[in-house]
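Listed here are the chains, written in short residue letters.
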Amino acid sequence: MTASAPDSQASRAAGDPRDPLGLAADAPLLAAWLNWTEQARAGRLTPMGTPGHKQRQDLTGAVVAGDAPLYGGLDSIKHADHLRAEAEARAAALWGAGWCRFSVAGSTHGNQAFCLAIGQPGQEVIITRTLHRSLLLGLVLAGLRPVWVRPEIDPRSGLPAAVAVQTVRDALAAHPGACGVILGDPSYVGTTGDLAGHARAAHEAGVPLVVDAAWAGYLGFHPDLPRHAIAAGADAMVTSAHKTLPAYTQGALLLARTERLDVARLDRAFEATHTTSPAGSILASVDAARALLARDGPRLCARLLAAVAGARRRLREVPGVDVLDGPGVDPAKLVVLLAGTGANGNLVEADLIAAGMPVEMGDRDTVIPIPAIADDEQRIAAFTEVLVASIERRRGVPRRPAAAAAWTVRPQTVLSPREAFFARNETVTAGAAIGRVSAELIAPYPPGVPVLAPGELIAADAVAALREVTADGGRIAYAADPTLATFQVVAA
Ligand SMILES: Cc1ncc(COP(=O)(O)O)c(C=O)c1O
């Protein structure tokens, strides 16, 4: 026996404290989740399917509370795809897309699905080098060969701006066989470019534009925000519902226009690496976030924009502090530049963690909190005061900001990411690794942008830049040896 129809009375009851805003009336997966979990709470379920906790909390405890499978939970195994499709169709309509899928595996999965959807193994793709690692592994999975394009670097902050349209046009002209263009926009630091211009450039070359918009699920929902990628003309975009929208961790939205991308291929690419047991709770939270945006998006975005503007004003009053701002920057993003204060952002981050206010990123020169539509003015103002106090405590000798290696890396690609990933490899000392071909992906995290990628020549300056990250208290991720004493290289 599975849960009854998603539009049951239980899930739609006005004033249900588990759905305080009454979103379930417009969110079929949320309604089904409310119904299933209410039945579980009332002891009316004896599930003889997965998950193995059987809705009991006397074994592994509260950690499984609220967990409900899509299949055989939110709806029957035979019908649950209809329920899912109905929720996804509402999201497609909201973003003006022809195709939408909800993922329980983040923008990581979305990026990889789009890589699998746009080309043939061995084909070139125009792609930003300041890409998240998920895209790089997408190239490995799909066998695509990168033609790197780079963003401009803002000399004042050392941070990446957007990739220029002319850069992409030149790359398309030089590589007429490329199967598409993949950009990250907004960038990790909230800089955003001319997506409409990129879409025109891609379309004139007869290929799709795919945009990794992991950080900005709210774009397009207020007139003072940039349009989202689909509205700007992109053929596909992925965004992490869990990053800036109020959804469960891992929830993501994949959206596509279907003029240049084939629906059956998109679905195949999506399913290729998605679990066959998606968590109904995650999917329902994406559905709820979509219903919230549809109803209250403009109001919540206005609140977010006002709160971030207030934080930027306050931070500018602090001697030496700067914030990223102006045209080409997402106005809902808060990127705090510390070089002028001499404070080390790694120490400021530690203060914020100790104050119960963990941020997305702190490196030597930068602190990046993630304000979201769930934040109100008070929360952001309170955070800003704690941040200011920490900066004052950690103040030092002002310095020039250093552009992080992740933004400036200009690697020499010798093998495709896929060839290097599967090549025989060996471990060599750091000294012996210089000039060899990397078999591994190494990235300071966050932001997770590779400084070394499989197939690239290991350059002395890249190794030195990685060492600097660790010396400043940063974390090196994905390296087989995070101390950087040895490297994995393609066997000679
Ligand atoms: C630009 C970018 N794309 C994709 C991702 C992956 O997102 P997720 O954590 O939702 O898988 C991240 C994660 O930080 C990211 O920064």
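Calculation criteria
Residues numbered from 1 in each chain as written. Predicted model: local features only at pLDDT ≥ 70, side-chain atom pairs only at ≥ 80, totals over all residues. Heavy atoms only, no water. Pairing = 2+ DSSP bridges. Helix = DSSP H or I, 4+ residues; strand = E, 2+ residues; numbered from the N terminus. Right-handed = clockwise from strand over helix to strand, strands pointing away. Buried < 20%, exposed > 50% of the residue type's maximum accessible area, 1.4 Å probe, protein only. Near = heavy atom within 4 Å. Polar contact = N/O pair within 3.5 Å; in protein donor to acceptor, adjacent residues only side chain to side chain. Areas by Shrake-Rupley, 256 points an atom, 1.4 Å probe, with all protein chains shown as cover. Contact = heavy atoms within 4.5 Å. Axes fitted to C-alpha atoms, helices over the stretch in contact; angles between N-to-C directions. Parallel < 35°, antiparallel > 145°, perpendicular 65-115°, else oblique. Left-handed = near helix turned anticlockwise from the far one by under 90°. Nonpolar A, V, L, I, M, F, W, Y, C, P; charged D, E, K, R; others polar. Phe/Tyr/Trp six-rings, centres within 6.5 Å; stacked < 30°, edge-to-face > 60°. Salt bridge = Lys/Arg side-chain N within 4 Å of Asp/Glu carboxyl O.

A. Inspection of the pairing of strand β4 (residues 181–184) at higher detail. Looking at chain direction, strand β2 (residues 124–128) and β4 are connected through 2 bridges and run parallel. Counted as the bridge partner of Ile 127 is Ile 182 from β4. The pairing of β4 with strand β5 (residues 209–212) spans 4 bridges and is parallel. In the sheet register, Val 181 faces β5, and the bridge partner there is Leu 209. Read from β4 through helix α7 (residues 195–204) to β5, the crossover connection turns out right-handed.

B. Spotlight on the sheet that holds strand β8 (residues 322–323). If you walk across this open sheet you meet the 4 strands as β8-β9-β11-β10, and the pairing is antiparallel. With one partner strand each, in any of the chains shown, β8 and β10 (361–362) form the two edges of the open sheet. Note: strand β9 (residues 336–337) against strand β11 (residues 366–368), 2 bridges, orientation antiparallel. The partner of Val 336 across the bridge, within β11, is Val 367.

C. Summary view of the environment of Arg 268. Checked against the element boundaries, Arg 268 lands in helix α10 (residues 263–272). When its relative accessible area of 55% is taken as the criterion, Arg 268 is described as exposed. For the pair Arg 268 and Val 168, spaced 100 residues apart in the sequence, the C-alpha separation amounts to 28 Å.

D. Just the site of the ligand, in detail. In the vicinity of the ligand there are 13 residues, among which Thr 108, Asp 212, Trp 215, Ser 240 and His 242 approach most closely. Trp 215 places a side-chain nitrogen or oxygen 2.8 Å from an oxygen atom of the ligand. At 2.7 Å from an oxygen atom of the ligand is found a side-chain nitrogen or oxygen belonging to His 242. Bound to the protein, the ligand loses 87% of the 400 Å² it would expose on its own. Contributing elements (two or more residues each) for the shell around the ligand: α4 (106–118) and α9 (241–244). The element contributing the most residues to the shell around the ligand is α4, with 4 residues.

E. Layout of the environment of Thr 341. Structurally, Thr 341 can be placed in the loop between β9 and α12 (345–354). Taking the C-alpha atoms as reference points, Thr 341 and Asp 322, separated by 19 residues in sequence, lie 9.2 Å from one another. Here Thr 341 is in contact with Pro 319, Gly 320, Val 321, Ile 391, Arg 395, Gly 396 and Pro 398, once residues within four sequence places are set aside. In this structure the side chain of Thr 341 is engaged in a polar contact, spanning 2.7 Å, whose partner is the backbone oxygen of Leu 338. Within the structure, the side chain of Thr 341 is placed 3.0 Å from the backbone nitrogen of Ala 343, a separation counted as a polar contact.

F. Main features of the packing of helix α11 (residues 280–316) against helix α13 (residues 377–394). Put simply, α11 and α13 touch, their axes get as near as 9 Å, and they point 20 degrees apart. The pairing of α11 with α13 is recorded here as roughly parallel in orientation. The chirality of how α11 crosses α13 is right-handed. Seen from α11, the contacting residues are Arg 303, Leu 304, Ala 306, Ala 307, Val 308, Ala 311, Arg 314 and Leu 315; seen from α13, they are Glu 377, Ile 380, Thr 384, Glu 385, Leu 387 and Val 388. Residues that form the contact of α11 with α13 fall into these classes: 9 nonpolar, 1 polar and 4 charged.

G. Spotlight on the packing of aromatic side chains. Under the counting rule described, the total for this entry stands at 7 aromatic pairs. Between Trp 95 and Phe 221, the ring centres sit 5.4 Å apart and the planes meet at 80 degrees, which makes this aromatic pair edge-to-face. Highlighted residues: Trp 95 in helix α3 (residues 80–95) and Phe 221 in the loop between β5 and α8 (229–232), separated in sequence by 126 residues. Here Phe 221 falls in the buried class, since its relative accessible area comes to 9%. Pairing Trp 99 with Phe 114 gives two aromatic rings, centres 6.3 Å apart and planes at 65 degrees, and the pair type is edge-to-face. Highlighted residues: Trp 99 in strand β1 (residues 99–103) and Phe 114 in helix α4, separated in sequence by 15 residues. Assessed through its relative accessible area of 5%, Trp 99 is described here as buried.

H. Expanded view of the pairing of β1. Burial analysis of β1 places 5 of its 5 residues in the buried class, which makes it a mostly covered element. Burial of β1 is two-sided: the residues Trp 99, Arg 101 and Ser 103 facing one way and the residues Cys 100 and Phe 102 facing the other way are all buried.

I. Examining the packing of helix α6 (residues 165–174) against α7 more closely. Interaxial distance between α6 and α7 falls to 9 Å at its minimum, and their mutual angle equals 10 degrees. Taken together, the axes of α6 and α7 lie roughly parallel to each other. Touching Val 165, Val 168, Arg 169 and Leu 172 of α6 are Gly 197, His 198, Arg 200, Ala 201, Ala 202 and Glu 204, all from α7. Residues belonging to the contact of α6 with α7 are distributed by class as follows: 5 nonpolar, 2 polar and 3 charged.

J. Region of interest: the pattern of salt bridges. Enumeration according to the criterion identifies 32 salt bridges in this entry. Of the charged contacts, one joins Arg 18 and Glu 38 as a salt bridge, the two residues approaching to 4.0 Å between their closest N and O atoms. With Arg 18 in the loop between α1 (9–12) and α2 (28–41) and Glu 38 in helix α2, this pair connects stretches of sequence that are 20 residues apart. Residue classification places Arg 18 among the partly exposed residues on the basis of a relative accessible area of 34%. Its relative accessible area of 19% is what places Glu 38 among the buried residues. One salt bridge in this structure joins Arg 299 and Asp 296, with 3.7 Å as the shortest N-O distance. Here the residue Arg 299 and the residue Asp 296 both occupy positions in helix α11, the gap between them amounting to 3 residues, near one helical turn. Residue classification places Arg 299 among the exposed residues on the basis of a relative accessible area of 51%.

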